[in-house]
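Topology and contacts: notes
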Amino acid sequence: MNAQHTGFSQRGWLLFGAMALLWGVPYLFISIAVESFSPPAIVAGRTLIAALLLLPFALRSGALKAAWKRWPWVLAFGAIEMAGPFVLLGHAEMTLPSGMTGLLVATVPLFAALIALGGGDRGVLRPARSIGLLVGFLGVAIVVAGPGLFGGEVSLLAAGEVLLVAVLYATAPFIVARKLTDVPSLGTITLSLLMVGIFYLPIGLLTQHEVPTLPAIGALLALAVICTAVAFIAFFALIREVGPVRAPLFTYVNPIVAIVLGAIVLSEPLTPGLLIGFPLVIAGCWFAATGGRLRPAASALPPPAVP
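In short, a report on the structure. (Residues numbered from 1 in each chain as written. Predicted model: local features only at pLDDT ≥ 70, side-chain atom pairs only at ≥ 80, totals over all residues. Heavy atoms only, no water.)

Some words on the environment of leucine 134
For clarity, the threshold we go by: For helices the rule is a DSSP run of H or I covering at least 4 residues; for strands it is a run of E covering at least 2, with both sets numbered from the N terminus onward. Whether a residue is buried, partly exposed or exposed follows from its accessible area with a 1.4 Å probe, protein chains only, as a fraction of its type maximum: under 20%, in between, or over 50%, in that order.
Checked against the element boundaries, leucine 134 lands in helix α8 (residues 127-149). Among the residues examined, leucine 134 registers a relative accessible area of 65% and is labelled exposed. Sequence separation of leucine 134 and alanine 288 is 154 residues, and the distance between their C-alpha atoms is 8.8 Å.

Here's the deal with helix α10 (residues 185-207)
Under the convention used in this document: One fewer than the residue count of a helix, multiplied by 1.5 Å, yields its expected span. The reported bend at a residue is simply the angle between two axes, fitted to the 7 residues ending at it and to the 7 residues beginning with it.
With 23 residues, α10 ought to run about 33 Å at 1.5 Å a step, and its terminal C-alpha atoms sit 32 Å apart, in line with that. If you look at α10, its biggest bend is around 35°, right at tyrosine 200, and the proline proline 202 turns up within four residues after that.

Topic: the pattern of salt bridges
Here the idea is simple: oppositely charged side chains can pair when their charged atoms come close. So the rule is basically this: By definition, a salt bridge exists where a carboxyl oxygen of Asp or Glu is found within 4 Å of a side-chain nitrogen of Lys or Arg.
Under the defined criterion, the tally for this structure stands at two salt bridges. Arginine 11 is paired through a salt bridge with glutamate 241; the nearest N and O atoms lie 3.3 Å apart. Of this pair, arginine 11 sits in helix α1 (residues 10-22) while glutamate 241 sits in helix α11 (residues 214-242), and the two are 230 residues apart along the sequence. Judged by its relative accessible area of 46%, arginine 11 is partly exposed.

Here's the deal with helix α2 (residues 26-33)
Condition: The criterion used for residue contact is that any of the two residues' heavy atoms lie within 4.5 Å.
Counting buried positions along α2 gives eight out of eight residues, so the element sits mostly inside the fold. Of all the positions in α2, only Pro26, Tyr27, Leu28, Phe29, Ile30, Ser31, Ile32 and Ala33 are classed as buried. Its buried side turned inward, α2 meets α1, α3 (39-61), α5 (71-92), α6 (98-105), α11 and α12 (254-265).

Focus: the packing of aromatic side chains
Spelled out, the test is: Ring pairs are drawn from Phe, Tyr and Trp, using the six-membered ring of Trp, whenever the two centres fall within 6.5 Å, and their geometry is named by plane angle: stacked under 30 degrees, edge-to-face over 60, tilted for the rest.
Enumeration according to the criterion identifies five aromatic pairs in this entry. When the ring of tryptophan 23 is compared with that of phenylalanine 235, the centres are 5.7 Å apart and the planes differ by 45°; the resulting orientation is tilted. Of this pair, tryptophan 23 sits in the loop between α1 and α2 while phenylalanine 235 sits in helix α11, placing them 212 residues apart in sequence. Like tryptophan 23, the residue phenylalanine 235 is buried in the burial classification. Joined through ring pairs, the aromatic side chains of Trp23, Phe232 and Phe235 make up one cluster.

Observations regarding unusual backbone geometry
Excluding glycine, residues mostly carry a negative phi; peptide bonds, for their part, are mostly trans. You will see that serine 267, though not glycine, has its phi angle at about 55°, which is positive. The exposure class of serine 267 is exposed, given its relative accessible area of 59%.

Considering the packing of α6 against helix α9 (residues 156-179)
Quick note on the threshold: The axes are straight lines fitted to the C-alpha atoms, using for helices just the contacting stretch, and the angles between their N-to-C directions are given from 0 to 180°. Handedness of a helix crossing follows the sense of rotation of the near helix relative to the far helix, less than a right angle counterclockwise being left-handed and clockwise being right-handed. In the scheme used here, Gly and all other residues not listed as nonpolar or charged are polar, with Ala, Val, Leu, Ile, Met, Phe, Trp, Tyr, Cys and Pro taken as nonpolar and Asp, Glu, Lys and Arg as charged.
Running from amino to carboxyl end, α6 crosses α9 at an angle of 35°, the nearest separation of the two axes being 8 Å. For the crossing formed where α6 meets α9, the hand is right-handed. Listed contacts from α9 to Thr101, Leu104 and Val105 of α6 are Ala159, Val162, Leu163, Val165, Ala166 and Tyr169. Looking at side-chain class alone, the contact of α6 with α9 contains eight nonpolar, one polar and no charged residues.

Here's what the structure looks like:
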């Protein structure tokens, strides 16, 4: 029996903690990988390795065959969920701290709420969710402007790239919800990874001008194996264990992991702007996505973004 209608089981909590780590740590690995890999090379390596690892499972279950029947929409999903975000994150983290990157990506629920509003969902206009939107974007403004206010600087281009990633991550689930509902998730993810990897492979080869360092190679392998292939398997298990409503809640923990690892491993500074803006972003995202309810409606939370 799963924990969808009771509480989190021990297995559910273990999977929840695993996903908070698995999709909180990629920003650290990306920051290390871009030191000697070009962003397109990182995307090609990460997606192809992960696709090859997931391919046997997708073939055995018949999920890949089902996904191939809808390949145009699978390709659209891959372009919006992976092709664009992965390369934008890689380029942004050439100048942006990994912790700040993780925090800015956490604004996905804010943009998802706005997209839902544009699609006619008036629930976003409820007081708690509206206030959440305002508080969340105020937090983003403080995070981005903070270094300038407190004696530092941040690349507005890089910050803009990460916020664009958040918009893309917020958009992709609508393709799944409207065009790929009857396609197994494993098939969609595997075929998307394969298509994106094949597209980026020649670009990655052409833009890779130096011999990668061992730390960068290790980071790329960790991104592919741990943060993509293993993470998706764990995420599917989490959904089965606690249900699709509560499974995405771990996304609110991801920025904490990214910020802490960035500070400990890469010695990234915990600036006043980051410390002030962080709780505002998280609180704003929570209220914008859930209206402040501990048990949100099934449509309240978007699927988590894959960093």
